[in-house]
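The chain contents come next:
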Amino acid sequence: MSDTPAPIPIILDCDPGHDDAIAILLAVQSPRIDLRAVTTTFGNCSVVDATRNALRILTLAGATTTPVARGAAGSLAGASELGNYVHGVSGLDGPEMPEPAFASSALSAVALMRQVLDASAHPVTIVATGPITNVATLLQRHPDMLDKIAEIIFMGGSTGRGNHTPTAEFNTCADPEALDVVLGSGLPVSMVGLNLTHQALATPEVVARMQAMNHPLGRTCGEWMGFFGSSYRAVWSFESPPVHDPCTVAALIDPDLITWQECFVAVETKGDWTRGTTVVDLHDRYERPPNARVAMKLDPGRYWDLVLDSIDQLGNR
Ligand code: BDR
Ligand code: CA
């Protein structure tokens, strides 16, 4: 018998997006991950653009057999906050990208999620790196699928301050009601918030390692970081951009990369100024049972070695 653990089956629900793009590449390349589908949502751009971007990224990665399905155009409450002010007009501005070499599925994101869950012999992990609307809709529409889901790991929220508003992170602000559904689902939920992802900075040294790769994929990643970095400088005065979304996939690949804390997490759905803010009870002030595992500390050297080695291996395939 081999000691190699079986790859983790995942559905990646995303809004690419420069950092979503790196998360997709990591999921495609890692032998620890079995990427069963990519589903898309509004968020960094319209869902139409996000779907086109997902197809283009998978084309660039040579992963044209990965099913892609288009999801929500707006939140459960019918709003559509977009993050083009960070990711550009296309949602993935910067380098030239190939046209998609394949088409998205005729199924909706939720229908494809259901199909993947139904067909899987083992529970599937859902990784969400955009507004979590599709996942909430799946849980509401298909409660019979709950025991087919191993875990929901999402990038969003924070134990501290926000980015889209002073207190709310973009993904949770874009659909607080959807996150409320996920947090109340009773499923294992892991939250990778800004408090963690701001430790995952694409420093000049990281970008130089991308640019030094001897293939177009590495150089494309370097140019993505250039565009993303200029937005982070202009909007938030960051010297280097935090590469949020791949932290979720990396946490599945390397369970020792992040330290976690189990605690009660709520999301504000009503505040005048705080809608979309996550309330993370690190000191058990509410004395409520934990409903999430919250990412606290990242090993950045180990993170970047994993991400950069994966990009390099994929580019050399
Ligand atoms: C999140 O919002 C988007 O800008 C990123 O893709 C990430 O998912 C960070 O707040
Ligand atoms: Ca994202």
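We now turn to the structure provided with this report.

The rules we used
Sequence order as written defines residue numbering, which begins from 1 separately in each chain. As a convention, the first chain written is A and the first ligand written is 1, with the rest following in written order. In view of the model being predicted, local features appear only for residues whose pLDDT reaches at least 70, and side-chain atom pairs are presented and counted only at 80 or more, with totals across whole chains, interfaces and linings using the full set of residues. As a rule here, side-chain values cover all heavy atoms of the structure and leave hydrogens and water aside. For Na, K and Ca the donor cut-off is 3.2 Å; for every other metal, N, O and S atoms count as donors within 2.8 Å. Water does not enter the count, which can leave sites looking incomplete. A run of H or I in DSSP counts as a helix once it spans at least four residues, and a run of E counts as a strand once it spans at least two, with each numbered from the N terminus. Only protein chains enter the accessibility calculation, which uses a 1.4 Å probe. A residue is then buried if its area is under 20% of the maximum for its type, exposed if over 50%, and partly exposed in between. A single heavy atom is enough: if one lies within 4 Å of a molecule or strand, its residue is considered near that molecule or strand. Polar contacts, as counted here, are pairs of nitrogen or oxygen atoms within 3.5 Å of one another; within protein the pair requires one atom able to donate a hydrogen and one able to accept it, and residues that are adjacent in sequence qualify only if both atoms are side-chain atoms. All accessible-area figures derive from a Shrake-Rupley calculation using a 1.4 Å probe, and residue coverage is judged against the displayed protein chains alone. Under the scheme applied, nonpolar residues are Ala, Val, Leu, Ile, Met, Phe, Trp, Tyr, Cys and Pro; charged residues are Asp, Glu, Lys and Arg; polar residues are all the others, including Gly. A pair of strands is treated as paired once DSSP finds two or more bridges between them. Angles run from 0 to 180 degrees between N-to-C directions of axes, and those axes are lines fitted to C-alpha atoms, restricted for helices to the stretch in contact. We call two residues in contact whenever any of their non-hydrogen atoms come within 4.5 Å of each other. Here, nonpolar core means buried Ala, Val, Leu, Ile, Met, Phe, Trp, Tyr and Cys residues that are tied together by side-chain atoms lying within 4.5 Å of each other. We count a salt bridge whenever a side-chain nitrogen from Lys or Arg sits within 4 Å of a carboxyl oxygen from Asp or Glu. A crossover counts as right-handed when, viewed with the strands pointing away from the observer, the path leading from the first strand over the helix to the second turns clockwise.

Looking at the calcium ion (ligand 2), one finds its protein donor set to be Asp15 (OD), Asp20 (OD), Asp20 (OD), Thr129 (O) and Asp245 (OD), positioned 2.2 to 2.6 Å from the metal centre. When the donor residues of the calcium ion (ligand 2) are listed from N- to C-terminus, their spacing reads D-x4-D-x108-T-x115-D. One end of the pair, aspartate 20, is in helix α1 (residues 18-29); the other, threonine 129, is in the loop between β4 (124-128) and α5 (133-141), and 109 residues separate them in sequence. Exposure class is identical for aspartate 20 and threonine 129. Each is buried.

Another aspect to go through is the site of ligand 1. All residues adjacent to ligand 1 are Asp19, Asp20, Asn44, His87, Thr129, Met155, Asn163, Glu169, Phe170, Asn171, His244 and Asp245. A distance of 2.4 Å separates an oxygen atom of ligand 1 from a polar atom in the side chain of glutamate 169. Between aspartate 245 and ligand 1, the recorded distance is 2.7 Å, taken from a side-chain N or O atom to an oxygen atom. Relative to its free-state accessible area of 280 Å², ligand 1 is covered by the protein chains to the extent of 98%. Here the residues of the shell around ligand 1 are counted per class, giving two nonpolar, six polar and four charged.

Turning next to the sheet that holds strand β2 (residues 33-40). Here nine strands make up an open sheet; going across it, the order is β3-β2-β1-β4-β5-β6-β9-β7-β8 and the pairing mixed. Edge positions in the sheet fall to β3 (68-70) and β8 (278-281), since each has one partner strand and no second. For this sheet, the mean angle separating the axes of adjacent strands, direction not counted, is 30°. Relative to strand β5 (residues 149-155), β4 runs parallel, the two being bridged by five bridges. Its bridge partner lying in β5, alanine 128 is registered against phenylalanine 154. Across the face of the sheet, α1 comes into contact with β1 (8-14) and β2 while running at roughly 160° to β1. Across the sheet, α5 is in contact with β1, β2, β4 and β5; its angle to β5 comes to roughly 150°.

To continue, consider the nonpolar core. Counting 60 residues, the largest nonpolar core has Ile10, Met210, Trp224, Met225, Tyr303 and Trp304 as its most contacted members. For this core, the element with the highest residue contribution is α1, accounting for eight residues. Beyond its immediate chain neighbours, meaning those up to four positions away, tryptophan 224 contacts His18, Ala21, Ile22, Leu25, Ile57, Leu60, Leu92, Asp93, Pro95 and Met97. Core analysis: the second largest hydrophobic core is formed by 33 residues, Ile11, Ala128, Leu138 and Leu183 among them.

Another aspect to go through is α5. Most of α5 sits inside the fold, with seven of its nine residues counted as buried. Taken together, the buried positions of α5 are occupied by Thr133, Asn134, Val135, Ala136, Thr137, Leu138 and Leu139. Buried positions along α5 lie against β1, β2, α4 (109-119), β4, β5 and α7 (176-183).

This brings us to the pattern of salt bridges. All chains considered together, the criterion is met by nine salt bridges. One salt bridge connects arginine 114 with aspartate 144, and the closest N-O pair in it is separated by 3.2 Å. Placement of arginine 114 in helix α4 and of aspartate 144 in the loop between α5 and β5 is noted, with a sequence separation of 30 residues between them. Exposure remark for arginine 114: the relative accessible area of 22% places this residue in the partly exposed category. The shortest N-O distance in the salt bridge between aspartate 305 and arginine 209 comes to 2.9 Å. Here aspartate 305 is found in helix α12 (residues 300-315), whereas its partner arginine 209 is found in helix α9 (residues 204-211), with 96 residues between them in sequence.

The subject of this paragraph is the pairing of β1. Burial of β1 is extensive: seven of the seven residues sit out of reach of the surface. With burial as the criterion, each face of β1 is covered, one bearing Ile8, Ile10, Leu12 and Cys14 and the other bearing Pro9, Ile11 and Asp13. By the bridge criterion, seven bridges tie β1 to β2 in an arrangement that is parallel. Note on β2: the bridge partner recorded for aspartate 13 is threonine 39. As a crossover connection, the stretch from β1 through α1 into β2 is right-handed.

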